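# Survey of secondary and tertiary structure
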Amino acid sequence: MIKHLKSAADLDAATATLILDTAGEMAALAGREVKKLPTLRGRTVVNLFYEDSTRTRISFEAAAKRLSADVINFSAKGSSVSKGESLKDTALTLQAMGADAVVIRHPASGAPHRLASWVDGSVINAGDGTHEHPTQALLDAYTMRSRLGKIEGLKVAIVGDVLHSRVARSNVLLLTTLGAHVTVVGPPTLIPLDVAAALAPGIKVTYDLDSVLADSDVVMMLRVQTERMQDSYFPSAREYSRRYGLDAPRMRKLPEHAIVMHPGPMNRGMEIAPEVADSSRSTIVEQVANGVSARMAVLYLLLGGKA
Ligand code: NCD
């Protein structure tokens, strides 16, 4: 088993499949009255969050607690980070406290890689800048597999702000490793060709959402990340939504079995219409539930559990 999970590229097909299978076993636990396993008793998991988060932070906390680990939650707000403490000094503090795993979310791409050189424990990337978010890709793959029965051969369209999306990058890497066919869709300003090429060889790029819908098994909508935009990438929210938003008429073009995904948080009415987000095709709430199982599997396997 790998020690760290910094990138979806750390996962070969066998390792990714083992994590998904283990997540399935963890999910079975969620149906029981007592949702706890004693596996990580006495181990310490630190959640180190330098960026805002709702789902991911709560999900990692629930995952670690269900495995009986001691959980320390650290958020940059209200800590010595606001006094200017560096990531390295914070890392040395965690090291001194004996963290077995550090889950890190950070606005700087590559922060988890630096952290891994300063601590002895496992480092798990919970989102670094515009770079990667590997556990999101795992929970998304898990969701596809549980809804559609497989990943290999699936046609997956990833739509929207690909440029700023760590979710897109990690999904492209993991899905291609697992044999899915990925097309990225969005305005040319948000999918520059070099970005497309850097994501993974063999992925397709199109600027026309309507052209891919009828032939997609999965449509994954991305949040428009205005907080990461220094320039204006499209004329207006209305124009964006008209060309790249998934609304009910567009959803009707999908095959009967196709699912609609979104990692959250959503801009309802912009990249996704409320009636689509709340439809039976939408897996958005399931993705959150699956996130806990996927992160339990990652913590369990990285900290030395057997399948
Ligand atoms: C994503 C993130 O933070 O990268 N959200 C998440 O983890 N569920 C996607 C986003 O912010 O748009």
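Since we're looking at a predicted model, the values are computed, not measured.

Reading the values: rules and limits
Residues numbered from 1 in each chain as written. Predicted model: local features only at pLDDT ≥ 70, side-chain atom pairs only at ≥ 80, totals over all residues. Heavy atoms only, no water. Near = heavy atom within 4 Å. Polar contact = N/O pair within 3.5 Å; in protein donor to acceptor, adjacent residues only side chain to side chain. Areas by Shrake-Rupley, 256 points an atom, 1.4 Å probe, with all protein chains shown as cover. 1 Å grid on protein atoms, 1.4 Å probe; cavity = no way out; pocket = protein on both sides within 12 Å on 5 of 7 lines; lining within 4 Å. Sits in = over half its atoms within 2 Å of the grid points. Nonpolar A, V, L, I, M, F, W, Y, C, P; charged D, E, K, R; others polar. Domains from an automatic or database assignment. Pairing = 2+ DSSP bridges. Helix = DSSP H or I, 4+ residues; strand = E, 2+ residues; numbered from the N terminus. Axes fitted to C-alpha atoms, helices over the stretch in contact; angles between N-to-C directions. Contact = heavy atoms within 4.5 Å. Points joined across faces, edges and corners; volume = space filled by probe spheres on them. Buried area = accessible area lost by both parts, 1.4 Å probe. Salt bridge = Lys/Arg side-chain N within 4 Å of Asp/Glu carboxyl O.

Close to the ligand lie Thr 56, Arg 105, His 133, Gln 136, Arg 166, Val 167, Arg 223, Gln 225, Pro 263, Gly 264 and Pro 265. Thr 56 is positioned with one of its side-chain polar atoms (N or O) 2.9 Å from an oxygen atom of the ligand. Within the contact set of the ligand, an oxygen atom lies 2.7 Å away from a side-chain nitrogen or oxygen of Arg 223. Protein coverage of the free-state accessible area of the ligand, which is 310 Å², stands at 94%. Because more than half of its atoms lie within 2 Å of the grid, the ligand is assigned to the largest pocket. Its residues assigned to classes, the shell around the ligand comprises 3 nonpolar, 5 polar and 3 charged. When we break the shell around the ligand down by domain, the ones giving at least three residues each are domain 1 (8–133 + 288–304) and domain 2 (134–283).

Pairing within the open sheet is parallel, and its 5 strands lie in the order E7-E6-E5-E8-E9. Two strands in the sheet have a free side with no partner beyond their single neighbour: strand E7 (204–206) and strand E9 (259–261). Sheet twist, expressed as the average angle between the axes of neighbouring strands with direction ignored, equals 20 degrees. The sheet strands contacting helix H5 (residues 134–148) are strand E5 (155–159), strand E8 (218–221) and E9, and the helix crosses E9 at an angle near 165 degrees.

Our focus in this paragraph is empty space enclosed by the protein. Using the criterion set out here, one finds 1 cavity of 30 Å³ or more in the structure. The volume enclosed by the largest cavity comes to roughly 70 Å³. As for the largest cavity, its lining consists of Arg 55, Thr 56, Ser 59, Gln 136, Leu 139, Pro 263, Gln 287, Val 288, Gly 291 and Arg 295. When contributions to the lining of the largest cavity are tallied by element, the ones reaching two or more residues are helix H2 (55–66), H5 and helix H11 (284–302). No other element matches H11, which puts 4 residues into the lining of the largest cavity. Its residues assigned to classes, the lining of the largest cavity shows 3 nonpolar, 5 polar and 2 charged. Here the lining of the largest cavity gathers at least three residues from each of two domains, domain 1 (8–133 + 288–304) and domain 2 (134–283).

A few words now on the domain arrangement of the protein. Parsing the protein into structural domains produces domain 1 (8–133 + 288–304) and domain 2 (134–283). At the interface, 32 residues of domain 1 touch 27 residues of domain 2. Summing the contributions of domain 1 and of domain 2, the shared interface buries around 2400 Å²; its carbon and sulfur component is 62%. Ranking the residues of domain 1 by area buried against domain 2 places Leu 20, Thr 130 and His 133 at the top, with a combined share of 29%. Between the two partners, domain 1 and domain 2, sit 3 salt bridges. A salt bridge links Arg 228 to Glu 51; the nearest nitrogen and oxygen atoms lie 3.4 Å apart. At the boundary of domain 1 with domain 2, the tally comes to 13 residue pairs in polar contact (both at pLDDT 80 or more).

As a further point, take the layout of surface pockets. Over the atoms rolls a probe the size of a water molecule, and in doing so it shows where empty space is left. In this structure, the largest pocket occupies an estimated 390 Å³ of space. Every residue lining the largest pocket is counted, 20 residues in all, and those nearest its centre are Arg 105, Arg 166, Arg 223, Gly 264 and Pro 265. Where the lining of the largest pocket is concerned, the elements lending two or more residues are H2 and helix H6 (166–177). In terms of residue class, the lining of the largest pocket is built from 4 nonpolar, 8 polar and 8 charged. Mapped onto the domain boundaries, the lining of the largest pocket takes at least three residues apiece from domain 1 (8–133 + 288–304) and domain 2 (134–283). What lines the second largest pocket is a set of 15 residues, among which Lys 155, His 181, Val 182, Thr 183 and Lys 204 lie closest to the centre. When contributions to the lining of the second largest pocket are tallied by element, the ones reaching two or more residues are E5 and strand E6 (181–185). Grouping the amino acids of the lining of the second largest pocket by side-chain chemistry returns 7 nonpolar, 5 polar and 3 charged.

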